[in-house]
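# Coordinate analysis (summary)
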Amino acid sequence: MAQWNQVQQLEIKFLEQVDQFYDDNFPMEIRHLLAQWIENQDWEAASNNESMATILLQNLLIQLDDQLGRVSKEKNLLLIHNLKRIRKVLQGKFHGNPMHVAVVISNCLREERRILAAANMPVQGPLEKALQSSSVSERQRSVEHKVAAIKNSVQITEQDTKYLEDLQDEFDYRYKTIQMMDQGDKNNALVSQEVLTLQEMLNSLDFKRKEVLSKLTQIVSETDLLVSSMLAEELQDWKRRQQVACIGGPLHSGLDQLQNCFTLLAESLFQLKRQLEKLEEQSSKVTYEGDPIPVQRPHLLERVTFLIYSLFKSSFVVERQPCMPTHPQRPMVLKTLIQFTVKLRLLIKLPELNYQVKVKASIDKNVSTLSNRRFVLCGTHVKAMSIEESSNGSLSVEFRHLQPKEMKSTAGSKGNEGCHMVTEELHSITFEAQICLYGLTIDLETSSLPVVMISNVSQLPNAWASIIWYNVSASDSQNLVFFNNPPPATLSQLLEVMSWQFSSYVGRGLNSEQLSMLAEKLTAQSSYSDGHLTWSKFCKEHLPGKPFTFWTWLEAILDLIKKHILPLWIDGCVMGFVSKEKERLLLKDKMPGTFLLRFSESHLGGITFTWVDHAESGEVRFHSVEPYNKGRLSALPFADILRDYKVIMAENVPENPLKYLYPDIPKDKAFGKHYSSQPCEVSRPTEKGDKGYVPSVFIPISTIRSDSTEPQSPSDLLPMSPSVYAVLRENLSPTTIETAMKSPYSAE
């Protein structure tokens, strides 16, 4: 079933999550109308390939034009209007940055897969549940409400300050008029009345000044509380959501809302600063004994200035963490001399700052690590932030050509450091900037999440394990000595993250049964509780009786799925994580020929299939083939292996024992669409073939001895043409063929 069809069948609570990440960047109407076409494109690859992204964007617009032509014939006025508007918006937003549309669509498809995986889980995982708690959303609404209230209050004090200015101007005019009168004129009754009026105006002016200063003090106090508590918590929550998203969790959203809050507050604070400057100007023109402005204004201005500094410093964030374009789903793992990208954003969007803020990148600035290795960044490491850098109009900068390079003086230390030691070293990329605005100079600094530096791609799996463990367990986002004493993680958190690895990397997460099997592997227990697991158990200690660790085993399976059986995995044909004992329980009551696919527990990156049949005595028998690894699957697609697989048993004609995919799905119905070609008809060699040759194919064959209930290991895939196989069957008995298969020269 197409992914979009599955999404539409979700419960309302999951559909609400889907609704959250479709916006003007990628409207849901387009996702719906072009569902199949969108799912057939490789948006992930295009997100790191500009020419490919340009072609896909052009094709997307062409597809939209085709839809417009279709709906125009149907005279659907509303849909025609919406499609024209959407096409115009997409072309305007992404014309100069086609890779961004690929990133947006790739992220949406990935998030759909994650939600589909979550819908198959009996309960929501602990990490995702914490990120989506009702208290978080309530606080976000409260912050937005308070920011709007502060903005409104500042507008009111703006009017108050203007009224105060008008009142003072009138007082000043009338006071100077009396001062200019002759002494004789000052003694008449009208002048005396005017003096009384001036006294009343001065009292009113004094009252109004105190009132305005009181309001300003209240606004500053409310802003201070909001910035230091609720807004800081919102920003911290966003950073935590970003951490989780980097390791495959739910996409982090809410940065645009935060930008709106930060920008409105900054505008309000600068407006307050101008109001205080106006009050100073007014006081310099008209002052009196007990004037509150000289007493209160300096302290208020100091508080406002401090808030502006604090707001700007916290608004400088890493919007997209460092990531190599070659490994988009393995962020924060960087290889020496390989370019990586990283994006910075200033959450205060003021037009005056466009192209005025230069950002400088450096690595391990003022940081002492446990490693002897030291790095420098090569490439363009100073760039200006601009509004045009991002399609959503935020003030941002993206570094696309940075390369980490190991300093020569420490290169000799690499040979003395093991793989685990290197991949447990954490480094930090720091970004500095300076803002000069309205007489203020503000120094900004922020850092990426810790990164792992590798010098060989073989270190990537262990480095990624370090990134996962850190971002699951670390409470401090800049603890570079984390692996000096790594804390344990809860089993429930780890299982949730393991499912994310599959949903984000290979398009389908794990269900509760599959996760139970992984839990058994991690704990070596058939039943488990939500205890804690150590870093060593996860990534450093070998599994019982095996020459590899749990993580090495799991990473090899991910690689196998990605490169060789991805369509089968996404369609749910592969049960995958099931023990031999559970496998037999599932198959024992099924029809003969029922089989299931599972990952090997003893071979790295291996997949096998097991089928059930019955002996003449009625005994239930199980047969498992030797696991297929990536080498053998490179020679023949796995779906074709299942279609063409043959077993030679004594006195029997070779036949395919695989009839039904567990529980009872006919094999061709389950795998038919994944066959790479139709099976070749068996024919005798003739001289009519191309240059006298008959096309050859690989045929997977196993032999099972009649005197054994346990299966033999299968032969390697034999390059036997259909015509040769036909000649063998015609001229040799099954017994003779079986004897040949048992010879010391056979591949068994």
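Rules used throughout
Residues numbered from 1 in each chain as written. Predicted model: local features only at pLDDT ≥ 70, side-chain atom pairs only at ≥ 80, totals over all residues. Heavy atoms only, no water. UniProt positions renumbered as here; feature names shortened; annotations may be inferred. Buried < 20%, exposed > 50% of the residue type's maximum accessible area, 1.4 Å probe, protein only. Helix = DSSP H or I, 4+ residues; strand = E, 2+ residues; numbered from the N terminus. Pairing = 2+ DSSP bridges. Salt bridge = Lys/Arg side-chain N within 4 Å of Asp/Glu carboxyl O. Phe/Tyr/Trp six-rings, centres within 6.5 Å; stacked < 30°, edge-to-face > 60°. Lys NZ or Arg CZ within 6 Å of the ring centre and 35° of its normal. Core = buried A, V, L, I, M, F, W, Y, C linked by side-chain atoms within 4.5 Å. Contact = heavy atoms within 4.5 Å. Arc of directions from axis to C-beta. 1 Å grid on protein atoms, 1.4 Å probe; cavity = no way out; pocket = protein on both sides within 12 Å on 5 of 7 lines; lining within 4 Å. Points joined across faces, edges and corners; volume = space filled by probe spheres on them. Domains from an automatic or database assignment. Axes fitted to C-alpha atoms, helices over the stretch in contact; angles between N-to-C directions. Parallel < 35°, antiparallel > 145°, perpendicular 65-115°, else oblique. Left-handed = near helix turned anticlockwise from the far one by under 90°. Nonpolar A, V, L, I, M, F, W, Y, C, P; charged D, E, K, R; others polar. Polar contact = N/O pair within 3.5 Å; in protein donor to acceptor, adjacent residues only side chain to side chain.

Taking an unreviewed UniProt entry as the reference, the protein chain is identified by name as Signal transducer and activator of transcription belonging to Pipistrellus kuhlii. Check the Subunit (unreviewed entry) section of the UniProt entry for the protein chain; it says "(Microbial infection) Interacts with African swine fever virus (ASFV) MGF360-9L; this interaction mediates degradation of STAT1 through apoptosis." Of the comments in the UniProt record for the protein chain, the one headed Sequence similarities (unreviewed entry) reads "Belongs to the transcription factor STAT family."

## Things to note about the pairing of strand β3 (residues 340–346)
Within a regular strand, the side chains alternate between the two sheet faces. For β3, the tally of buried residues reaches seven of seven residues, placing the bulk of the element in the interior. Of the two faces of β3, the one carrying Phe340, Val342, Leu344 and Leu346 and the one carrying Thr341, Lys343 and Arg345 are both buried. As paired strands, strand β1 (residues 316–323) and β3 are joined by five bridges and run antiparallel to one another. Opposite Phe316, over in β3, you have Leu346 as the bridge partner. Summarising the sheet, β3 and strand β7 (residues 395–406) pair through six bridges and their orientation is antiparallel. Bridging from a neighbouring strand, Leu346 pairs with Leu395 of β7.

## What about the pattern of salt bridges?
Should their charged atoms come close, side chains of opposite charge can pair. Inspection of the entire model under this criterion finds 33 salt bridges. A salt bridge links Arg139 to Glu234; the nearest nitrogen and oxygen atoms lie 3.1 Å apart. Taken as a pair, Arg139 in helix α10 (residues 134–179) and Glu234 in helix α11 (residues 189–246) lie far apart in primary sequence, 95 residues in all. Accessibility expressed as a relative area gives 4% for Glu234, which makes it buried. Ionic pairing is found between Lys273 and Glu277, a salt bridge with its closest N-O pair at 2.9 Å.

## Side note on the UniProt feature "coiled-coil region" (unreviewed entry) in the protein chain
Mapped onto the present numbering, the UniProt feature "coiled-coil region" (unreviewed entry) falls on residues 262–289. Note that residues 262–289 is 86% helix and 0% strand, and that its end C-alpha atoms are spaced 39 Å apart.

## Regarding the packing of aromatic side chains
Scanning the model with the defined rule gives 26 aromatic pairs in all. Between the aromatic rings of Phe550 and Trp553, the centroid separation amounts to 6.0 Å while the plane-to-plane angle is 50 degrees, which identifies the pairing as tilted. In this pair, Phe550 and Trp553 both sit in helix α19 (residues 550–570), three residues apart, roughly one turn of the helix. The same class applies to Phe550 as to Trp553, namely buried. Here Phe609 and Tyr645 contribute two aromatic rings whose centre-to-centre distance is 5.0 Å and whose plane-to-plane angle is 85 degrees, an arrangement assigned as edge-to-face. With Phe609 in strand β14 (residues 607–614) and Tyr645 in the loop between α22 (638–644) and β16 (646–649), this pair connects stretches of sequence that are 36 residues apart. Both residues of the pair, Phe609 and Tyr645, belong to the buried class. Its guanidinium or amino end placed over the ring of Trp553, Lys521 lies 4.6 Å from that ring's centre, counting from NZ or CZ. The positively charged end of Arg643 is found above the aromatic ring belonging to Tyr675, 5.1 Å away from the centroid.

## Structural notes on unusual backbone geometry
Cis peptide bonds are those with omega within 30 degrees of zero, and the linkage from Tyr662 to Pro663 qualifies with 5 degrees. You can see Pro663 is positioned in the loop between β17 (660–661) and β18 (665–666). Even without glycine at this site, Met332 takes up a positive phi of about 70 degrees. For Met332, the location among the structural elements is in the loop between β1 and β2 (333–335). At Leu337, a position not held by glycine, the phi torsion is positive, near 65 degrees. Mapped onto the elements of the fold, Leu337 is located in the loop between β2 and β3.

## Thoughts on the nonpolar core
In terms of nonpolar packing, the biggest core is built from 159 residues, with Phe312, Phe538, Phe577, Phe609 and Phe638 touching the most fellow members. Non-local contacts of Phe638, meaning those with residues more than four positions away in its chain, are made with Ile565, Leu568, Leu597, Ile607, Phe609, Tyr628 and Leu633.

## Some remarks on the sheet that holds strand β15 (residues 620–624)
If you trace the five strands from one edge of the open sheet to the other, you get β15-β14-β13-β17-β18, paired in mixed fashion. One side of each edge strand has no neighbouring strand; the edge strands of this open sheet are β15 and β18. The pairing of β14 with β15 spans five bridges and is antiparallel. Counted as the bridge partner of Asp613 is Arg621 from β15.

## Digging into the pairing of β14
Most of β14 is tucked away, with seven of its eight residues classed as buried. Pairing between strand β13 (residues 594–599) and β14: five bridges, direction antiparallel. The residue of β14 that forms the bridge with Phe599 is Ile607. The antiparallel hairpin formed by β14 and β15 contains five residues in its connecting segment, where Gly618 sits at a positive phi of about 95 degrees.

## Section: helix α2 (residues 12–20)
Here α2 has its buried residues at Phe14, Gln17 and Val18. Angularly, the buried residues of α2 cover 100 degrees about the axis, an arc narrow enough to put them on a single face. What points out from α2, more than 90 degrees from its buried face, is the exposed set Ile12 and Gln20.

## A few points about the layout of surface pockets
Taking a probe equal in size to a water molecule and rolling it over the atoms shows the remaining empty space. In this structure, the second largest pocket encloses a volume near 1,200 Å³. If you trace the second largest pocket, you find 37 residues lining it, with Gln3, Glu39, Arg113, Gly507 and Ile570 closest to the centre. Among the elements that make up the lining of the second largest pocket, the one with the highest residue count is helix α8 (residues 98–119) (six residues). Looking at which domains feed residues into the lining of the second largest pocket, each of domain 1 (3–120) and domain 4 (506–674) supplies at least three.

## A few points about the environment of Ile363
Its place among the elements puts Ile363 in strand β4 (residues 358–363). Along the primary structure Ile363 and Phe375 are separated by 12 residues, whereas in three dimensions their C-alpha atoms are 6.8 Å apart. If we ignore the near neighbours within four places in the chain, the residues touching Ile363 are Phe375, Val376, Leu377, Ser428, Ile429 and Met453.

## Some remarks on the packing of helix α15 (residues 460–473) against helix α16 (residues 491–506)
In the contact formed by α15 and α16, the axes pass within 11 Å of each other and the chain directions differ by 130 degrees. Put simply, α15 runs oblique to α16. You can see that α15 and α16 cross each other, and the crossing is right-handed. Taken together, the residues of α16 that come into contact with α15 (itself represented by Trp464, Ile468, Trp469 and Val472) are Gln493, Leu494, Val497 and Gln501. Here the residues of the contact of α15 with α16 are counted per class, giving six nonpolar, two polar and no charged.

## Overview of the environment of Tyr309
Tracing the backbone shows Tyr309 in helix α13 (residues 293–315). The spacing of Tyr309 and Leu444 is 135 residues in sequence and 9.2 Å in space, taken between C-alpha atoms. For Tyr309, the residues in contact, after removing those within four places along its chain, are Leu440, Thr441 and Ile442. One polar contact links the side chain of Tyr309 to the main-chain carbonyl oxygen of Thr441, over a distance of 3.1 Å.

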